[in-house]
Every structure is written in structure tokens, then in C-alpha cells.
Amino acid sequence: SQELEQSPQSLIVQEGKNLTINCTSSKTLYGLYWYKQKYGEGLIFLMMLQKGGEEKSHEKITAKLDEKKQQSSLHITASQPSHAGIYLCGADITDKLIFGTGTRLQVFP
Amino acid sequence: DVKVTQSSRYLVKRTGEKVFLECVQDMDHENMFWYRQDPGLGLRLIYFSYDVKMKEKGDIPEGYSVSREKKERFSLILESASTNQTSMYLCASSSHPVGWNGYTFGSGTRLTVV
């Protein structure tokens, strides 16, 4: 069973559109991480959230962790082709970092 | 810039060969991890280590072993490679406790077993 559920699995958006990716757990998340992966490459750290209600932004990407610390969302404003890739949420559960299955984002002109 | 370096980007090995995947980090991190990534299955944890000579099984340790003789190096060993071990392998490291910048990943090794 997947402890971290990500949705949607795949997303195709037109350049300039906003989009949201969700990450949900049945357990309380003590550390929630967002990573981006270019196809066939390693993971690039985006943000880490730890506190309920926390929100962080970097350039056009905003991540939030809900008050119950069981759901996180990643929002991209005015998407660009450079945002394309696979977005992964990861969480510290029982002293291990586990991942959701990822969301594949494509941005077309 | 902090770095996790995986020795090979691409590797092709024959069934039955013993395969070593090397990972080196320069951040003096205590924790190191090996994952494999497969389409539709995401990243799955194979083994991890919290200290030198220490190892813990992850979710899918079968067919693999690891070695951590020095703090900066964590090796993944495929004792007898099989075709179902064809995958993308990713190494990661972190401080303990995990710092503000989370876990740092290497660029990955794409292993093909023929």
C-alpha cells in the first residue's frame, strides 16, 4: 500500500496556466518534502514543510502543509516550460524518507 | 555546493554479475540512502544507513546488500544481477536530524541488466 498518495498522476497544461499537485497521507507527517526531477536525472530539493499550516514560496512555486499535517499541496503560478518534470512529495515516516508515486507535469506553449 | 556523487550515470551488466554502485557525499552527513525508481512504482527504499558500518533494510532489500566503511561512502551491491533489477538507482544523504535543506540526491545510475 502506498503511504503517500499523489494526485494527479499526470498533468498537461498550457504555458501561463496555474496548477496544483496534491500529496495526502493517512498518517501525521513530521517532515514533508517536495522534489522535482527532470526526466532521467536526480531529484532537486524544492521545499520542506514541518509545521501545520506552514506555507513556503520560491519563485512561482508555493507549497502548503495543512493544519492536521496530513495533506500538502504544491501550486505553480503562471507555468513555464522550465517547470516540466516529475514532482515528488516525500515524508519522514518511521525515520525513513518515503515518496509518493509522483506527478508528471508537461507544459506546452 | 553540497554534493552527492554517483559513480556512473549508465551501466550495462550481464545476468549473474556482481554489481557495485558507489555513492559519495561531501557534506559530512550521517544518513545515507539507496532507492530504486521504476515507472508506476515511484521511489522505493532499498537500504539506508545512519552511521558507519551501520545498515538498515528498507522496503525492498531482497537481492541487494550495502556497505558503509567510511562516513562519506555508501555502496549498493547486487550480489547476482537479474533482469528485474534493471532500474534507475538513486542515492541520497541527509544530516541527523534532517536539516532545513532536507535530503540531497545524486544524479542517479541507470542500470540495465541483460
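Residues numbered from 1 in each chain as written. Chains lettered and ligands numbered in written order. Predicted model: local features only at pLDDT ≥ 70, side-chain atom pairs only at ≥ 80, totals over all residues. Heavy atoms only, no water.

**Student:** What is the right way to look at the nonpolar core in this model?
**Tutor:** The tendency in soluble globular proteins is for nonpolar side chains to be buried side by side. Formed by 23 residues in total, the largest nonpolar core has its most connected members in A:Leu32, A:Trp34, A:Leu74 and A:Leu105. Those elements that provide at least two residues to this core are strand 2 (10-14), strand 3 (19-25), strand 4 (32-37), strand 5 (43-49), strand 7 (61-65), strand 8 (71-76), strand 9 (85-93) and strand 11 (103-108) of chain A. The element that contributes the greatest number of residues to this core is strand 9 of chain A, accounting for 4 residues. Among the nonpolar cores identified, the runner-up in size contains 21 residues, and B:Met27, B:Tyr47, B:Tyr89 and B:Leu111 belong to it. (Core = buried A, V, L, I, M, F, W, Y, C linked by side-chain atoms within 4.5 Å. Buried < 20%, exposed > 50% of the residue type's maximum accessible area, 1.4 Å probe, protein only. Helix = DSSP H or I, 4+ residues; strand = E, 2+ residues; numbered from the N terminus.)

**Student:** Quick question: what am I supposed to make of the sheet that holds strand 7 (residues 64-70) of chain B here?
**Tutor:** Residue and element names in this part refer to chain B. Pairing in this open sheet of 4 strands is antiparallel, and the strands run 1-3-8-7 from one edge to the other. Taken across any chain shown, the strands that pair with only one partner, and hence form the sheet edges, are strand 1 (4-6) and strand 7. Each strand of the sheet is rotated relative to its neighbour by a mean of 20°, with strand direction disregarded. Pairing of strand 3 (residues 19-25) with strand 8 (residues 73-78), which is carried by 6 bridges, proceeds in the antiparallel orientation. What sits directly across from Phe20, in strand 8, is Ile77. (Pairing = 2+ DSSP bridges. Axes fitted to C-alpha atoms, helices over the stretch in contact; angles between N-to-C directions.)

**Student:** I would appreciate a short explanation of the state of the cysteines in the present structure.
**Tutor:** Chemically, a disulfide is nothing more than a covalent bond linking the sulfur atoms of two cysteines. Per the counting criterion, the structure on display carries 2 disulfides over all chains. With a sulfur-sulfur separation of 2.0 Å, A:Cys23 is cross-linked through a disulfide to A:Cys89. The sign of the 75° torsion about the S-S bond sets the A:Cys23-A:Cys89 disulfide as right-handed. Placement of A:Cys23 in strand 3 and of A:Cys89 in strand 9 is noted, with a sequence separation of 66 residues between them. Disulfide partner of B:Cys23: B:Cys91, at an S-S distance of 1.9 Å. On the sign convention where negative means left-handed, the S-S torsion of about -75° between B:Cys23 and B:Cys91 marks this disulfide as left-handed. Placement of the pair is B:Cys23 in strand 3 and B:Cys91 in strand 9 (residues 87-94), with a sequence separation of 68 residues. (Disulfide = S-S within 2.5 Å.)

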